[in-house]
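If you want the building blocks of each chain, they are given just below.
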Amino acid sequence: MTDEDISSGHQVPEDTCYRLSMPVWAAIMAPMKGKEPSQQSIEAEFRASHPNSMRLYEQAKALFPGGVTHDGRYSPPTPIYGKRGKGSRKWDVDGVEYVDYWMGHGALLLGHAHPSLIQAIEGQILKGTHLGACHELEIDWAQAILQLVPSVERVRFTSSGTEAVQMALRLARAVTGKPKIVKLADHFHGWSNDVAPGEAPPGIVGGTRDEVLTAPANDLSALDALLARGDVAALILEPSGAHMGAHPLGPGYLREARDATSQRGVFLIFDEVVTGFRWSQGGVQGLLGLKPDITTFGKIVAGGLPGGAVGGSLQAMAPLEFGDPEWMRRHHILHPGTFNANPLSAAAGVAMLNLIGDGRAQRRAAETAREIAGGMNRLLMKHSINGCVRGQSSILHLCVGPDAPSPEEAEAMSERGEGCRFPSDRALVSTLRQAMLLDGVDVMGGTMIVSAVHDEGDVAQTHHAFEQALLRVKVQGLIG
Ligand code: PMP
């Protein structure tokens with residue numbers, strides 16, 4: 001990646017909330033053809049069309065707390081049980097086909113079962129999944145990351161984004177000798193003790209949480225007041241703004257945060273678990289030309305298999321180096337994970353980073369996301385429903401409800417750097433999601449993660465399902 005790449009439009013623009021200047025959506029604005037939405041309740045229809053998922057969920061409830069294996073999949077009356085995926089689509093155990101906007105929680109920039117990734121994984125599986133040894137693929141994997149993300153001079157692989165964050169915080173504290181971490185309100189960094197969401201999550205002992213200070217997002221003077229305390233090791237943030245960019249940071253905030261942390265000798269950690277290799281091939285930092293001290297990766301970095309990575313400057317990564325007994329005792333951080341840099345994830349990660357290293361996949365996904373958002377916003381206006389679909393790069397967020405801004409208001413707020421929170425009626429979003437499932441579209445809560453392989457047919461089906469969902473909630477009196 002070169003500076004020319006950045007300036008020649010090889011990247012999606014900074015802080016973009018999608019504009020309304022879309023192509024003419026004649027089809028969308030035309031009166032709806034076909035059947036009227038059913039009077040039956042959305043939930044009743046959903047139950048009736050998902051008997052196998054309902055049955056599996058009953059079994060799961062006797063096995064897993066909450067019946068699920070990831071909090072985000074808890075979705076009464078039943079989560080859908082997936083069976084297989086291909087490209088932008090997936091199928092559930094009831095034989096229903098969906099346009100998938102979970103995309104492996106963001107790991108699948110190239111969609112499900114991409115042939116090159118399968119080939120890489122198959123090739124490695126035949127050679128062994130764990131050789132109990134260093135291996136060549138870990139070198140290729142690290143080289144790909146260092147090449148795409150210039151702030152990373154050394155890297156270590158982990159099994160998840162949560163682990164990468166945990167190591168990033170430990171490195172920052174070890175190098176600076178300071179105890180406190182500053183995070184931004186609402187920013188998500190996985191479930192490790194330091195930064196798990198919640199005011200006082202049960203089970204976290206001692207003063208762990210007292211060592212983490214929270215600054216309101218977009219408030220540089222509040223941030224500076226915390227940094228000025230003199231006991232802060234690092235500022236960690238989602239460089240997209242909270243929750244995969246749902247609550248954007250104001251223009252210039254990241255640059256200011258970089259300056260403020262540098263001036264105070266505080267490490268800046270970009271959590272690029274979601275944005276890494278998606279916002280651009282070099283993540284948010286590649287887009288803005290910024291260099292954090294430490295970066296955390298997950299999802300795309302391991303090509304759709306489990307994995308994460310933590311990387312940074314030589315200084316930031318130094319505690320992982322080996323040295324004499326005195327160094328080992330006083331400075332060394334242990335990192336002995338059984339599955340660190342496991343060959344299977346390495347194979348998928350190398351293949352993925354090679355495929356997406358020129359930025360084309362990211363641009364394609366972002367363009368498709370723009371089309372999806374434009375059409376959904378037109379539908380909200382057509383049916384006079386308060387709300388908007390906004391996003392950055394290839395991740396969109398649906399915001400509806402009495403206090404939700406219109407698309408124009410949301411755009412203006414973002415441009416002014418205001419309104420990092422966009423009020424949304426979560427129950428309504430969840431009902432809309434369930435209704436869209438009935439027309440073969442699976443949205444991740446209110447979030448839509450778009451891949452480089454979603455195509456025009458997917459976009460059209462998404463607009464159709466969204467319009468049907470809006471009509472269904474109207475028919476049921478859930479919306480004005
Ligand atoms: N950081 C961010 C910004 C995330 O969105 C996530 C997970 N979605 C994590 C960290 C944790 O990653 P993982 O789920 O791989 O532990």
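Residues numbered from 1 in each chain as written. Predicted model: local features only at pLDDT ≥ 70, side-chain atom pairs only at ≥ 80, totals over all residues. Heavy atoms only, no water.

Draft legend 1. Highlighting helix H4 (residues 51-61). Buried residues of H4: Ser53, Met54, Tyr57 and Ala60, and no others. Take H4 and look down its axis: the buried residues cluster within an arc of 120°, on one side only. Lining the buried residues of H4 we find helix H3 (42-49). (Buried < 20%, exposed > 50% of the residue type's maximum accessible area, 1.4 Å probe, protein only. Helix = DSSP H or I, 4+ residues; strand = E, 2+ residues; numbered from the N terminus. Arc of directions from axis to C-beta. Contact = heavy atoms within 4.5 Å.)

Draft legend 2. The arrangement of the nonpolar core in detail. With 33 residues, the main nonpolar core has Val182, Leu184, Leu235, Leu237 and Leu254 as its most contacted residues. Elements represented by at least two residues in this core include exactly strand E5 (180-184), strand E6 (212-215), helix H8 (220-227), strand E7 (232-237), helix H10 (253-264), strand E8 (267-271) and helix H11 (283-288). Ranked by residues supplied to this core, first place goes to H10 with four residues. Aside from chain neighbours lying at most four places away, what touches Leu184 is Thr214, Ala215, Pro216, Ala217, Leu235, Ile236, Leu237, Leu249 and Tyr253. (Core = buried A, V, L, I, M, F, W, Y, C linked by side-chain atoms within 4.5 Å.)

Draft legend 3. Broad picture of the packing of helix H17 (residues 426-438) against helix H18 (residues 456-475). As a packed pair, H17 and H18 sit with axes 8 Å apart at the nearest point and diverge in direction by 125°. Relative to H18, the element H17 lies oblique. Of the two elements, H17 crosses H18, and the hand of that crossing is right-handed. Judged by residue contacts, Leu428, Thr431, Leu432, Ala435, Met436 and Leu438 of H17 engage Thr462, Ala465, Phe466, Ala469, Leu470, Arg472 and Val473 from H18. Here the residues of the contact of H17 with H18 are counted per class, giving 10 nonpolar, two polar and one charged. (Axes fitted to C-alpha atoms, helices over the stretch in contact; angles between N-to-C directions. Parallel < 35°, antiparallel > 145°, perpendicular 65-115°, else oblique. Left-handed = near helix turned anticlockwise from the far one by under 90°. Nonpolar A, V, L, I, M, F, W, Y, C, P; charged D, E, K, R; others polar.)

Draft legend 4. View of the site of the ligand. Lining the immediate environment of the ligand, one finds Ser160, Gly161, Thr162, Phe188, His189, Gly190, Glu238, Asp271, Val273, Val274 and Lys299. Within the backbone of Gly161, a nitrogen or oxygen atom sits 2.8 Å from an oxygen atom of the ligand. In the environment of the ligand, an oxygen atom lies 2.6 Å from a nitrogen or oxygen atom belonging to the side chain of Thr162. Coverage of the ligand by the protein chains reaches 82% of its 390 Å² of free accessible surface. Grouping the constituent residues of the shell around the ligand by class yields three nonpolar, five polar and three charged. (Near = heavy atom within 4 Å. Polar contact = N/O pair within 3.5 Å; in protein donor to acceptor, adjacent residues only side chain to side chain. Areas by Shrake-Rupley, 256 points an atom, 1.4 Å probe, with all protein chains shown as cover.)

Draft legend 5. Structural view of the pairing of E8. Here E8 lies mainly inside the structure; five of its five residues are buried. Burial of E8 is two-sided: the residues Phe267, Ile269 and Asp271 facing one way and the residues Leu268 and Phe270 facing the other way are all buried. Relative to E8, E7 runs parallel, the two being bridged by four bridges. Each residue of the ladder has a partner; that of Leu235, found in E8, is Leu268. Sheet topology note: the E8/strand E9 (residues 294-297) ladder contains three bridges and is parallel. Opposite Phe270, over in E9, you have Thr295 as the bridge partner. Handedness of the E8-H11-E9 crossover: right-handed. (Pairing = 2+ DSSP bridges. Right-handed = clockwise from strand over helix to strand, strands pointing away.)

Draft legend 6. Local environment of H18. The terminal C-alpha atoms of H18, which comprises 20 residues, lie 29 Å apart, in line with the 28 Å expected from a rise of 1.5 Å per residue. Residue Gly477 follows H18 closely and has a positive phi angle near 75°. (Expected span 1.5 Å × (residues − 1).)

Draft legend 7. Fine view of the packing of aromatic side chains. Tallied over the full model, the rule gives two aromatic pairs. Judged by centre distance (3.8 Å) and plane angle (5°), the ring pair of Trp141 and Phe157 falls under stacked. Here Phe157 lies in strand E4 (residues 154-158) and Trp141 lies in helix H6 (residues 136-148), a separation of 16 residues in the sequence. Relative accessible area serves as the criterion here: at 1%, Trp141 is assigned to the buried category. The residue whose ring lies beneath Arg84 is Trp91, and the NZ or CZ to ring-centre distance is 4.0 Å. (Phe/Tyr/Trp six-rings, centres within 6.5 Å; stacked < 30°, edge-to-face > 60°. Lys NZ or Arg CZ within 6 Å of the ring centre and 35° of its normal.)

Draft legend 8. Just the sheet that holds strand E14 (residues 447-449), in detail. Pairing within the open sheet is antiparallel, and its three strands lie in the order E11-E12-E14. If you trace the sheet from one side to the other, it starts and ends with strand E11 (387-392) and E14, each paired once. Between one strand axis and the next, the sheet turns by 20° as a mean value, whatever way the strands run. Where E11 lies against strand E12 (residues 395-400), six bridges are found, and the strand directions are antiparallel. Bridge pairing in E12 places Cys388 opposite Cys399.

Draft legend 9. Focus on the side chain of Ser313. Its location among the elements puts Ser313 in the loop between strand E10 (308-312) and helix H12 (314-317). A polar contact of 3.1 Å, which involves the side chain of Ser313, links it to the backbone nitrogen of Ala316. Dropping the residues within four chain positions of it, Ser313 is found in contact with Ser151, Glu153 and Asp293.

Draft legend 10. Representation of the pairing of E10 within the structure. Of all five residues that make up E10, five are buried, and the element is covered over most of its length. Here E10 shows a buried face lined by Gly308, Val310 and Gly312 and a second buried face lined by Ala309 and Gly311. Strand direction decides the pairing type here: E4 and E10, joined by five bridges, are antiparallel. Bridging across to E10, Arg154 finds its partner in Gly312. With four bridges connecting them, E9 and E10 associate as antiparallel partners. When the bridges of E10 are listed, Ile294 appears paired with Gly312.

Draft legend 11. Molecular detail of the sheet that holds strand E13 (residues 441-442). A sheet is described by the order of its strands in space; here four strands give the open sequence E1-E2-E3-E13, paired in mixed fashion. Lying at the two open borders of the sheet, with one neighbouring strand each, are strand E1 (82-86) and E13. Note: strand E2 (residues 89-92) against strand E3 (residues 97-100), three bridges, orientation antiparallel. Pairing of Lys90 across the sheet is with Tyr98, part of E3.

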